[in-house]
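What the coordinates show
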Amino acid sequence: MKKALKWIGIILGSLIVIVFIVAYVLISRWDSRTEKKYDIAVEKLTIPGDSMNIARGKRWLPLCQSCHGEALQGKVFFDDPKIGTIYSPNLTAGNGGIGNKYKDEDWIRSLRHGVNPEGRPLVIMPSKDFHHFSKEDLVDLIAYLKKIPPVDNIKGQNRIPAFTKILMQLGAFGEIISAEILDHKAEFQIAPADGPTAEYGKYLVQLVNCQECHGKEYNGGKSPDPNSPLGPNITAGGNIGKWSSEQFMKTLRTGTTPEGKVLNDTFMPWKHIGQMPDDYLTGIHAYLHSLPKKETAKLN
Ligand code: HEC
Ligand code: HEC
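In this text, all values refer to a predicted model and were calculated from it rather than measured experimentally. (Residues numbered from 1 in each chain as written. Chains lettered and ligands numbered in written order. Predicted model: local features only at pLDDT ≥ 70, side-chain atom pairs only at ≥ 80, totals over all residues. Heavy atoms only, no water.)

Looking now at the side chain of S178. With respect to the helices, strands and loops of the structure, S178 is situated in helix α8 (residues 178–181). Using a relative accessible area of 1% as the deciding quantity, one classes S178 as buried. A distance of 3.4 Å separates a polar side-chain atom of S178 from the backbone nitrogen of S127. One polar contact links the side chain of S178 to the main-chain amide nitrogen of K128, over a distance of 3.0 Å. Setting aside residues no more than four positions away along its own chain, S178 makes contact with L122, M125, P126, S127 and K128. (Helix = DSSP H or I, 4+ residues; strand = E, 2+ residues; numbered from the N terminus. Buried < 20%, exposed > 50% of the residue type's maximum accessible area, 1.4 Å probe, protein only. Polar contact = N/O pair within 3.5 Å; in protein donor to acceptor, adjacent residues only side chain to side chain. Contact = heavy atoms within 4.5 Å.)

This part is about the site of ligand 1. Taken together, 23 residues sit near ligand 1, with C64, C67, H68, Y102 and M125 positioned nearest. Within the side chain of H68, one N or O atom sits 2.7 Å away from a nitrogen atom of ligand 1. A distance of 2.9 Å is found between an oxygen atom of ligand 1 and a backbone nitrogen or oxygen belonging to V123. Of all the elements in the fold, those that place two or more residues in the shell around ligand 1 are α3 (62–68), α4 (104–113) and α6 (135–145). Element by element, the count of residues in the shell around ligand 1 is highest for α3, at four residues. (Near = heavy atom within 4 Å.)

Before going further, it helps to spend a moment on the nonpolar core. Counting residues in each nonpolar core, the largest one holds 55 residues, and the members touching the most others are W60, L111, F133 and L288. Of all elements in the fold, only α3, α4, α6, α9 (198–208), α11 (245–254), α12 (270–273) and α13 (278–290) reach the threshold of two or more residues within this core. It is α6 that contributes the most residues to this core, seven residues altogether. Each of two domains, domain 2 (51–181) and domain 3 (198–290), supplies a minimum of three residues to this core. With residues near it in sequence (within four places) discarded, L288 still touches Y218, I234, T235, A236, I240 and F248. (Core = buried A, V, L, I, M, F, W, Y, C linked by side-chain atoms within 4.5 Å. Domains from an automatic or database assignment.)

Here we take up the domain arrangement of the chain. When the domains of the chain are assigned, the result is domain 1 (1–33), domain 2 (51–181) and domain 3 (198–290). Centre-to-centre, using C-alpha coordinates, domain 1 lies 38 Å away from domain 2. Across the contact, seven residues belong to domain 1 and 11 residues belong to domain 2. Roughly 920 Å² is buried in total at the junction of domain 1 and domain 2, and carbon and sulfur atoms are behind 67% of that figure. There are two salt bridges connecting domain 1 and domain 2. Linking E180 and R33 is a salt bridge whose minimum nitrogen-to-oxygen distance equals 2.8 Å. Applying the counting criterion to the domain 1 and domain 2 interface returns four residue pairs in polar contact (both at pLDDT 80 or more). Partitioning the side of domain 1 that touches domain 2 into residue classes produces four nonpolar, no polar and three charged. (Buried area = accessible area lost by both parts, 1.4 Å probe. Salt bridge = Lys/Arg side-chain N within 4 Å of Asp/Glu carboxyl O. Nonpolar A, V, L, I, M, F, W, Y, C, P; charged D, E, K, R; others polar.)

A few words on the coordination of the iron atom of ligand 1. Protein-derived coordination of the iron atom of ligand 1 comes from H68 (NE2) and M125 (SD), at a distance range of 2.0 to 2.2 Å. One can describe the donor arrangement at the iron atom of ligand 1 as octahedral, given that its six donor atoms subtend angles of 86 to 179° at the metal. With a gap of 57 residues between them, H68 in helix α3 and M125 in the loop between α4 and α5 (127–130) connect regions that are remote in the sequence. For H68, a relative accessible area of 9% translates into the label buried. (Donors = N, O, S within 2.8 Å, 3.2 Å for Na, K, Ca; no water. Tetrahedral: all angles 85-135°; square planar, octahedral: opposite > 155°, others 65-115°.)

By definition of the ideal shapes, a tetrahedral metal site with four donors has angles of 109.5 degrees and an octahedral site with six donors has angles of 90 or 180 degrees. All of the protein donors around the iron atom of ligand 2 are H214 (NE2) and M268 (SD); their distances to the metal are 2.0 to 2.1 Å. Judged by relative accessible area, H214 falls into the buried class, the value being 10%. Judged by relative accessible area, M268 falls into the partly exposed class, the value being 22%.

In this section: the pattern of salt bridges. One pass over the full model with this rule turns up 13 salt bridges. When the shortest N-O distance is used, the salt bridge between E217 and K294 registers 3.3 Å. With E217 in the loop between α10 (211–214) and β3 (219–221) and K294 in the segment after α13, this residue pair connects regions lying 77 residues apart in the sequence. With a relative accessible area of 46%, E217 lands in the partly exposed category. Through salt bridges with shared partners, a single ionic network connects R59, D137 and D194.

Set out below in structure tokens:
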């Protein structure tokens, strides 16, 4: 009896040691990925300061607001007692913001390559999606960002428990280090002519990355946010199949679908997507309707 207990003790003890070693290895791998230095050959672009460019750049503001706040002043981007707290940085030139420090090449490095001015990879910031911006659109966006009104807001300290680092290392939240997966030498994409077309809708859908939450084939997916409901099927096989482009637009402007479902803005950023001009939402609707009609993916 004593012998058996001793062996159980040894086995349990060894298991605990193994779990600690695995956890340690996963955490240090995560840390080394986020501390890695990237030396990026940033594209040389001239950022004009005229009002035309600034006005055109403002079109893209909704793509940033859901994470960086209405005035891009930075905010608590994610907060969960178990998983941790993550702040998004203040992008303005106010106190605590990056606006005064950033040079043109820093904006390009962050937005297009997902790397900060010190060469550290940005985490969560979706540069892998913004990499799809055409050269002209990126230039306009930066022209606008350089002119946003300063707001004082000092970024809080992120709290990322060891357990969350393990989950991140295991890929539980998806590809959250854009710098690792981007082809940093790729040419700029050419944007189609802007208008209410499926072609332009496709361009927009890449920038917002509807697939991240609605699935690779748009027929349903799991959002990277562990607290989120499933992303519904947005091919013609889902509710959208029955919606006219006006109904689609109304859904994204009001957050209520023709079926009467109220969409939660914390998980489905309709308040920001819905700020896009009519033509753009019409284009997105046309693109989604041009996709193969799919049955809803089986997810659990
Ligand atoms: C899904 C949420 C999300 C969206 C959308 C998003 N960001 Fe970010 N962004 C973040 C987070 C989180 C960080 C902090 C990353 C870090 O420090 O590792 C960040 C960092 C940045 C940085 C680097 C700041 C620094 O400290 O050097 C810039 C610049 C930036 N974002 C600009 C933008 C712009 C412009 C847009 C819209 C076109 C945008 N972001 C959209 C979440 C987001
Ligand atoms: C960050 C994750 C995320 C992104 C990005 C996202 N969605 Fe969603 N979407 C959701 C979730 C989650 C729901 C379900 C919300 C709920 O149940 O409250 C949803 C619901 C919807 C609905 C309602 C569908 C129905 O049948 O009721 C539509 C339409 C929609 N999204 C369109 C889009 C489009 C178009 C894009 C890209 C331009 C997009 N979404 C980007 C997460 C996302």
